[in-house]
Amino acid sequence: MDRYLIPALEQPLNGEVEISGAKNAVLAIMAATLLVDGVSEISNVPHLKDMKTMSDVFRVIGCRIDGAAHTLRIDTRGANHLEAPYELVKTMRASFYVLGPLVARFGRCRVSLPGGCAWGPRPVDLHLKGLEALGATINVTHGYVEALCEGRLKGGTFHFPVSSVGATVNILMAATLASGKSVLHNAAIEPEIDALVDYLIGMGAKIEGRGTRTLKVEGVEKLSPGSGATIPDRIEAGSFLIGAAVTRGCIKTTNMDPTHIEALLNSLREMGCKITIGDTWVEVDARDKKLKPISVKTLPHPGFPTDLQAPMMTLLATIDGLSIIQDTVYTDRFTHVAELQRLGADIKLVGDTAHVQGGKPLSSAPIMASDLRAGAALVLAALIAEGETSISRIYHIDRGYEDFENKINSLGAAVQRTQDNS
Ligand code: EPZ
């Protein structure tokens, strides 16, 4: 397994970085191509481990996937093995997205339960209840979900008790081929959902309510192969912009959508960063700024994203005074806290809330990435920790940040990837 060796910065991060396509939009759109019998295309696809894992799931199902440059060509005409195995689903939860399309198109499929992840249980009960609301019969045995349906799924109404990106993805896709109308209440409104809606409408799906929490779907018998570009990755953009503030530098992220990260920009502005915004770019300037401690609470979109909770915690650890960060989406997503404490951060966890007594000098130590966003947070902390920090298990970072070390080194870092022989 690879590790990073990261010396403390001699200068704050400074420069421009181009943002890649959004992993979490691509994963949903890839699953949507299973709704048709044909060849679909997706462009602006980042080269990430998660894309490879999802492609492996597609090959198990019998599809052909060709990836040239940043475009995926997905041929689903050979789909005949309607199963997503545990070995793949356990490494990437989004493989579970094949459930809705497969049962909608074929009337049956068998998909492994994802199991937990680095920070605890991640249920899929809403995915299953939503499919039952569309007439699917669901059996869970031996760690697998078996979904069955005589003929077509039937349009139905489903109310999500909590805002769930994945469950909205699965149920929305299934509803596009159901007979009759479906109404999804309290659907997720993350930008990745809008990207999926746009791609599905391009395939001939009849969906109303884009961008709202009520999605109305008129099912159709058949969809056509899709094509289209992915939206930029708001979490990658946010991670780099937080890096500008962590190092008291100045970074401009380009080829991104500023409206996707308004909650983050508000927090950065509140602490005293200078924010400049263009149509497709954002610059965060924290040079010579004395930043102020703040409180942050993660919420479903358009609130502060849980995926930026860890990088933001690193930033709060650099700011004199007591800051508070609460994760209301994943109340136990704090595996990065112990690693930050090893670098000298003064953080106290109380339930779903971290009390960060910032401003303590950080010093290097061997640490370990536990999930992709925690990994990014640890890289940012290592940049300002005195000495050289080594971070193991950086395969987590490879899952969600394209070309990460080259991008961050182009801003002035000297991150080195080495073999981890321990
Ligand atoms: C998506 O995960 C993202 N993954 C996650 O990003 C992100 O953290 C999360 O949404 C929240 O924004 C992808 O898009 C591939 P949820 P998902 O269903 O869909 C509860 C990353 O770093 N819930 O919106 O799994 C759940 O426990 C990844 O890129 C149920 O109770 O998240 C959580 O509290 C990590 N039952 C809340 O809903 C269910 O059936 C939100 O989860 C489903 C979810």
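Residues numbered from 1 in each chain as written. Predicted model: local features only at pLDDT ≥ 70, side-chain atom pairs only at ≥ 80, totals over all residues. Heavy atoms only, no water.

Things to note about helix α11 (residues 335-342)
Argument step 1. Among all positions of α11, only H336, V337, E339 and L340 are buried. Within α11, the buried residues cover an arc of 170° as seen down the axis, which keeps them to one side.
Argument step 2. Structurally, α11 contributes buried residues whose contacts are with α10 (309-316), β19 (347-350), β21 (367-368) and α12 (372-383).
Argument step 3. Looking one or two places after α11, you find G344, whose phi comes out positive at around 110°. (Buried < 20%, exposed > 50% of the residue type's maximum accessible area, 1.4 Å probe, protein only. Helix = DSSP H or I, 4+ residues; strand = E, 2+ residues; numbered from the N terminus. Arc of directions from axis to C-beta. Contact = heavy atoms within 4.5 Å.)

Some remarks on the domain arrangement of the chain
Argument step 1. As assigned here, the chain comprises domain 1 (2-20 + 232-419) and domain 2 (23-229).
Argument step 2. Facing the 23 residues of domain 1 at the interface are 22 residues of domain 2.
Argument step 3. Interface area, domain 1 with domain 2, both sides summed: about 1,800 Å², of which 52% is carbon and sulfur.
Argument step 4. When the buried area of domain 1 at its contact with domain 2 is split by residue, H301, R399 and E402 rank highest and sum to 35% of it.
Argument step 5. Notably, a salt bridge pairs D50 with R399, separated by 2.6 Å at the nearest N-O pair.
Argument step 6. Summed over the shared surface of domain 1 and domain 2, the number is nine residue pairs in polar contact (both at pLDDT 80 or more). (Domains from an automatic or database assignment. Buried area = accessible area lost by both parts, 1.4 Å probe. Salt bridge = Lys/Arg side-chain N within 4 Å of Asp/Glu carboxyl O. Polar contact = N/O pair within 3.5 Å; in protein donor to acceptor, adjacent residues only side chain to side chain.)

Some details on the sheet that holds strand β16 (residues 281-285)
Argument step 1. Read from one edge to the other, the open sheet built from four strands follows the order β2-β14-β16-β15, with strand pairing classed as mixed. Each edge of the sheet is formed by a strand with only one pairing partner; in this case those strands are β2 (14-18) and β15 (274-277). Averaged over all adjacent pairs, the angle separating strand axes in this sheet is 15°, with direction ignored.
Argument step 2. Across five bridges, the pairing between strand β14 (residues 250-254) and β16 is antiparallel. When the bridges of β16 are listed, C250 appears paired with D285. (Pairing = 2+ DSSP bridges. Axes fitted to C-alpha atoms, helices over the stretch in contact; angles between N-to-C directions.)

A short note on the sheet that holds strand β12 (residues 206-208)
Argument step 1. The strand order across the open sheet formed by four strands is β10-β11-β13-β12, and the pairing between neighbours is mixed. Every other strand in the sheet has two partners, leaving β10 (157-159) and β12 as the edge strands with one partner each. Here the average twist between neighbouring strands, direction ignored, is 15°.
Argument step 2. Bridge count between strand β11 (residues 181-185) and strand β13 (residues 214-218): five bridges; the pairing is antiparallel. In the sheet register, S182 faces β13, and the bridge partner there is V217.

A few points about the packing of aromatic side chains
Between two aromatic rings, the relevant description is the distance of the centres plus the angle of the planes.
Argument step 1. For the structure on display, the rule yields three aromatic pairs.
Argument step 2. With centroids separated by 5.8 Å and ring planes inclined at 45°, the aromatic side chains of F240 and F404 adopt a geometry described as tilted. Of the two residues, F240 sits in helix α8 (residues 234-246) while F404 sits in helix α14 (residues 404-409), which places them 164 residues apart along the sequence.
Argument step 3. For F404, a relative accessible area of 5% corresponds to the buried category.
Argument step 4. Plain terms: the ring middles of Y401 and F404 are 5.2 Å apart, the flat faces sit at 55° to each other, and that makes the pair tilted. Accessibility classification places Y401 together with F404 in one group, the buried group. (Phe/Tyr/Trp six-rings, centres within 6.5 Å; stacked < 30°, edge-to-face > 60°.)

Topic: the site of the ligand
Argument step 1. Inspection of the region around the ligand gives 24 residues, with R93, S164, G166, D307 and V329 positioned closest.
Argument step 2. D307 places a side-chain nitrogen or oxygen 2.6 Å from an oxygen atom of the ligand.
Argument step 3. Residue V329 places a main-chain N or O atom 2.6 Å away from an oxygen atom belonging to the ligand.
Argument step 4. Here the ligand has 820 Å² of accessible area as a free molecule, and 87% of this is covered by the chains.
Argument step 5. Listed by contribution, the elements that provide at least two residues to the shell around the ligand are α1 (23-32), α5 (125-133), α6 (165-175) and α12.
Argument step 6. At three residues, the largest contribution of residues to the shell around the ligand is made by α5.
Argument step 7. By residue class, the composition of the shell around the ligand is 11 nonpolar, six polar and seven charged.
Argument step 8. Residue assignment places the shell around the ligand across two domains, with domain 1 (2-20 + 232-419) and domain 2 (23-229) each supplying three or more. (Near = heavy atom within 4 Å. Areas by Shrake-Rupley, 256 points an atom, 1.4 Å probe, with all protein chains shown as cover. Nonpolar A, V, L, I, M, F, W, Y, C, P; charged D, E, K, R; others polar.)

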